[in-house]
Amino acid sequence: MIPVTLARPNGRPFRVLAVGAHPDDIEIGAGGTIQRLLDERPDAKVRWVVLSGSHVRAAEARQSCDALLGGAAEVVIGAFRDAYFPFDGAAIKDALAGMRADFDPDVVFAPRPEDRHQDHRLVGELILQLYRDHLVLGYEIAKTDADLASPNLYVPLSAEAAEAKIAHLLACFPSQRSRPWFDDAAFRALLRLRGLESQAPSGYAEGFHVRRMVLQTSVSGG
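How each quantity is defined
- Residues numbered from 1 in each chain as written.
- Predicted model: local features only at pLDDT ≥ 70, side-chain atom pairs only at ≥ 80, totals over all residues.
- Heavy atoms only, no water.
- Helix = DSSP H or I, 4+ residues; strand = E, 2+ residues; numbered from the N terminus.
- Rg over C-alpha atoms; globule rule 2.2 N^0.38 Å.
- Buried < 20%, exposed > 50% of the residue type's maximum accessible area, 1.4 Å probe, protein only.
- Contact = heavy atoms within 4.5 Å.
- Areas by Shrake-Rupley, 256 points an atom, 1.4 Å probe, with all protein chains shown as cover.
- Lys, Arg positive; Asp, Glu negative; His and termini not counted.
- Charge placed at Lys NZ, Arg CZ, Asp CG, Glu CD.
- Pairing = 2+ DSSP bridges.
- Axes fitted to C-alpha atoms, helices over the stretch in contact; angles between N-to-C directions.
- Arc of directions from axis to C-beta.
- Salt bridge = Lys/Arg side-chain N within 4 Å of Asp/Glu carboxyl O.

Novice: Help me out: how do you make sense of the overall build of the protein chain in this one?
Specialist: Looking only at helices and strands, one finds six helices and seven strands in the protein chain. Its C-alpha atoms give the protein chain a radius of gyration of 17 Å, near enough to 17 Å, the size a compact globule of 222 residues would have. The buried share of the protein chain, reckoned over its 222 residues, is 47%. A separation threshold of at least 6 residues defines the contact pool for the protein chain, and within that pool the share at least 24 residues apart is 77%. Split by element, the accessible area of the protein chain, about 11,300 Å² in all, is 52% carbon and sulfur. Averaged over its 25 positive side-chain charges, the protein chain has a centre that lies 3 Å from the centre of its 29 negative ones.

Novice: What should I look at first to understand the sheet that holds strand β3 (residues 73-80) in this one?
Specialist: The strands making up a sheet associate through hydrogen bonds between their backbones, and the pairing can be parallel or antiparallel. Here seven strands make up an open sheet; going across it, the order is β3-β2-β1-β4-β5-β7-β6 and the pairing mixed. On the outer flanks of this sheet lie β3 and β6 (153-157), each paired with one strand and no other. Here the strands of the sheet are splayed against their neighbours by 25° on average, with no regard to which way each runs. Helix α3 (residues 89-97) contacts β1 (15-20), β2 (45-52) and β3 of the sheet and is inclined by roughly 165° relative to β3. Along the sheet, helix α6 (residues 184-198) contacts β6 and β7 (204-209); its crossing angle with β7, the most-contacted strand, is approximately 85°.

Novice: Is there a simple way to think about the environment of Val19 in this case?
Specialist: With respect to the element layout, Val19 can be found in strand β1. Through-space distance from the C-alpha of Val19 to that of Val49 is 4.7 Å; in sequence the pair is 30 residues apart. Not counting residues up to four positions away in its chain, the partners in contact with Val19 are Ile26, Val49, Leu51, Leu96, Phe109, Ala110, Pro111, Val123, Ile127 and Tyr139.

Novice: Sorry if this is basic, but what is going on with α3 here?
Specialist: Every α-helical turn comprises 3.6 residues, leaving residues that sit three or four positions apart pointing alike. Those residues of α3 that fall on the buried side of the exposure criterion are Gly89, Ile92 and Leu96. Take α3 and look down its axis: the buried residues cluster within an arc of 65°, on one side only. Turned more than 90 degrees from where α3 packs its buried face, Ala90 and Asp94 sit exposed. Taken together, the buried residues of α3 touch β1, β2, β3 and α4 (118-130).

Novice: Would you mind going over the pattern of salt bridges with me for this structure?
Specialist: Opposite charge on two side chains allows them to pair when their charged atoms are near. Throughout the structure, instances matching the rule amount to 15 salt bridges. Salt-bridge contacts for Asp106 lead to Arg12; the nearest nitrogen and oxygen are separated by 2.8 Å. Highlighted residues: Asp106 in the loop between α3 and β4 (107-111) and Arg12 in the segment before β1, separated in sequence by 94 residues. Its relative accessible area of 22% is what places Asp106 among the partly exposed residues. For Asp147, the salt bridge is made with Arg112, and the minimal N-O distance between the two is 3.7 Å. Placement of the pair is Asp147 in the loop between β5 (135-139) and β6 and Arg112 in the loop between β4 and α4, with a sequence separation of 35 residues. Considered together, Asp147 and Arg112 belong to a single accessibility category, that of buried residues.

Put into structure tokens, the structure is as follows:
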């Protein structure tokens, strides 16, 4: 395993953009990693974008973000129709493009474009189009589509952080408890599998898909 460290920008806070098609997407895919980033960089600026959600679901998204990040994030909730994103693709792209002018992130969390859920897939594809020169971490969401693949980047989580993530999901999204993929066993299973693959000391990790990374090295003359 080759460890990767995110550089700290000079003279300004670290910036994180997190994008989800639906409430709970970001938390399921990257909640533990984002929490770890903020623990290590408490002055970080976070823009939290959820592109759809009924009144109930939007309220859950805001409450979840506040509980996870302590009010540290700018929360944007869209009103695009769940399960119809491909038919609203132009408007969604315009909405995402309009957010770039005043927020240039150091890292972007978004669904991976290979996700078989049509909403996730569209968002993942658009993010890669709009943020070509950024580090984009494509997060994964287990579901009945059976589309999980091998990540190429892992973020180890402590056992406490993994359990906190699961507890947070179950507490903050009561509207989803009847879903067959929304339970503690499913969440813990994926965290444990990624922890095994990455040899995380605690046994737990989140996995991400990175399309492109650039290795920068310093060479001193002599």
